[in-house]
Amino acid sequence: MHVVVSGGSGFLGSHVCEVLVHRGDMVSCLDNFSSGRPQNTAHLLREPLFRCIPCDITEGVEVSEKVDAVVHLASPASPFDYGRHPLETLTVGSRGTENMLQLAVRHGARFVLASTSEIYGDPLEHPQSEDYWGHVNPIGPRSVYDEAKRFSEALAMAYRRHLGADVGIVRIFNTYGPRMRPHDGRVVSSFIRQALDGEALTVFGDGSQTRSFCYVDDLVRGLVALLDSQHTGPFNLGNPKERTVRELAELVRLVTGSRSELRFLPLPVDDPARRRPVITRAQESLGWHPRVPLEEGLRHTVDWFMSQPHALVRPPERSAVGRTS
Ligand code: NAD
Ligand code: UDP
């Protein structure tokens, strides 16, 4: 297959590209490196089956060779990133998604959309199954991401119903692993970086809010299973084991051997209180379930963070380059 992966140099995208290339697919990665990094896919450039096309997918997408599948991952994903780039987030979720859908339709290719658990907002139903319609503040600071993803889902379903597009949708719950940016502001990357740097771990609120953390290898296996199927979904992909943020902080301290304190900071506006996926649909239709326990996944992630050049882990203002003494 020739698969076009938008956002292929990001955290998840780079793992998707790697899995596809290693199984023998040809992969064209489209990325503008706004939150992704060229080094995430640098090792794949040696492979004849891989190429990276720097571009902004909101400005139109053309690929000359026949395309068999499109995996659409391009979008800021962390609250820190979409908070800094609200308009770009809305544009890539709307125009960017439409450009990728049109590419798929032109080539008669399968289209897989990376949606998110954020479309459930601050959920009133717990745990969340795909039948839940969500509880989203349409004008709050998170709405640029939540509503863009809800629009992406609506657009993909309209293309399916009215143009016969071959569409699959995954709703991804908090995923972590190697190649997260140490300064992306997400909780796993922040806690690991802080613990390794001997800084206090910044717990927002009292840390009683929950998330369900999925290791990247598990997530990518589920996404590729959907790509290879004819199912539309949507499918929740995530680890149904729910943890409080405070539990996560304790686990990161354990895994890193850190004695960092916890620093409690105000809870961001509209921060969802609870989140846990029901994954029965993915289990029954895709034969998928996550395998990697949190502690094991955190160990892999910490090992990766420690293998990175020092400057990548330290905050820029405290990096070797910026230090004055
Ligand atoms: P990421 O920020 O590492 O990756 C996103 C990639 O998209 C980056 O490489 C970025 O440069 C690229 N991009 C953004 N705008 C673009 C544009 N206009 N043109 C071309 N490229 C563009 O984030 P991630 O965690 O890898 O997330 C990937 C996808 O999965 C996103 O769509 C995100 O919403 C979704 N998702 C991720 C998670 C998670 O926990 N990681 C959870 C839910 C949903
Ligand atoms: N969080 C935290 N400290 C941080 C970053 C995040 O306590 O330094 C909390 C955040 O308030 C949220 C949870 O961790 O309740 C997950 O945040 P993240 O940004 O990773 O993902 P999302 O909010 O999109 O689920």
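Heads up: the structure comes first, above all this text.
The structure contained in this document is the topic of the report that follows.

Rules of the game
- Residues numbered from 1 in each chain as written.
- Chains lettered and ligands numbered in written order.
- Predicted model: local features only at pLDDT ≥ 70, side-chain atom pairs only at ≥ 80, totals over all residues.
- Heavy atoms only, no water.
- Near = heavy atom within 4 Å.
- Areas by Shrake-Rupley, 256 points an atom, 1.4 Å probe, with all protein chains shown as cover.
- Helix = DSSP H or I, 4+ residues; strand = E, 2+ residues; numbered from the N terminus.
- Nonpolar A, V, L, I, M, F, W, Y, C, P; charged D, E, K, R; others polar.
- Phe/Tyr/Trp six-rings, centres within 6.5 Å; stacked < 30°, edge-to-face > 60°.
- Buried < 20%, exposed > 50% of the residue type's maximum accessible area, 1.4 Å probe, protein only.
- Expected span 1.5 Å × (residues − 1).
- Bend = angle between axes of the 7 residues up to and from the residue.

### With respect to the site of ligand 1
Not every one of the 29 residues close to ligand 1 is listed here, only the nearest: Leu 12, Asp 31, Ser 35, Tyr 145 and Lys 149. Considered on its own, ligand 1 offers 820 Å² of accessible surface; in the complex 96% of this is hidden by protein. At the level of elements, α1 (11–22), β5 (110–116) and α4 (143–163) are the ones that each hand at least two residues to the shell around ligand 1. The element best represented in the shell around ligand 1 is β5, accounting for three residues. Looking at the shell around ligand 1 residue by residue, the class counts come to 12 nonpolar, 13 polar and four charged.

### Topic: the packing of aromatic side chains
Each aromatic ring pair is described using two quantities: the centre-to-centre distance and the angle formed by the ring planes. With the rule as written, the count across this model stands at five aromatic pairs. Ring geometry for Tyr 120 against Tyr 132: centres 6.0 Å apart, planes inclined by 20 degrees, an arrangement best described as stacked. Pair noted here: Tyr 120 is in the loop between β5 and α4 and Tyr 132 is in the loop between β5 and α4, with a separation of 12 residues, a long-range link. In terms of burial, Tyr 120 and Tyr 132 fall into one category: buried. Summarising the aromatic geometry, the rings of Tyr 120 and Phe 173 are spaced 6.2 Å apart at their centres and angled 40 degrees between planes, so their arrangement reads as tilted. You can see Tyr 120 sitting in the loop between β5 and α4 and its partner Phe 173 sitting in the loop between β6 (166–172) and β7 (175–176), a full 53 residues away along the chain. According to the relative accessible area criterion, Tyr 120 is buried, its value standing at 1%. On the accessibility criterion, Phe 173 (1% relative accessible area) is buried. Three or more aromatic residues joined by ring pairs make a cluster, and in this case those are Tyr 120, Tyr 132 and Phe 173.

### Digging into helix α3 (residues 86–107)
The end-to-end C-alpha separation of α3 is 31 Å, in line with the 32 Å expected for 22 residues at 1.5 Å each. Remark: the principal bend of α3, roughly 35 degrees, maps to Val 92. Those residues of α3 that sit buried are Thr 89, Val 92, Gly 93, Gly 96, Thr 97, Asn 99, Met 100, Leu 101, Leu 103, Ala 104 and His 107. Immediately downstream of α3, the backbone of Gly 108 shows phi near 60 degrees, a positive value.

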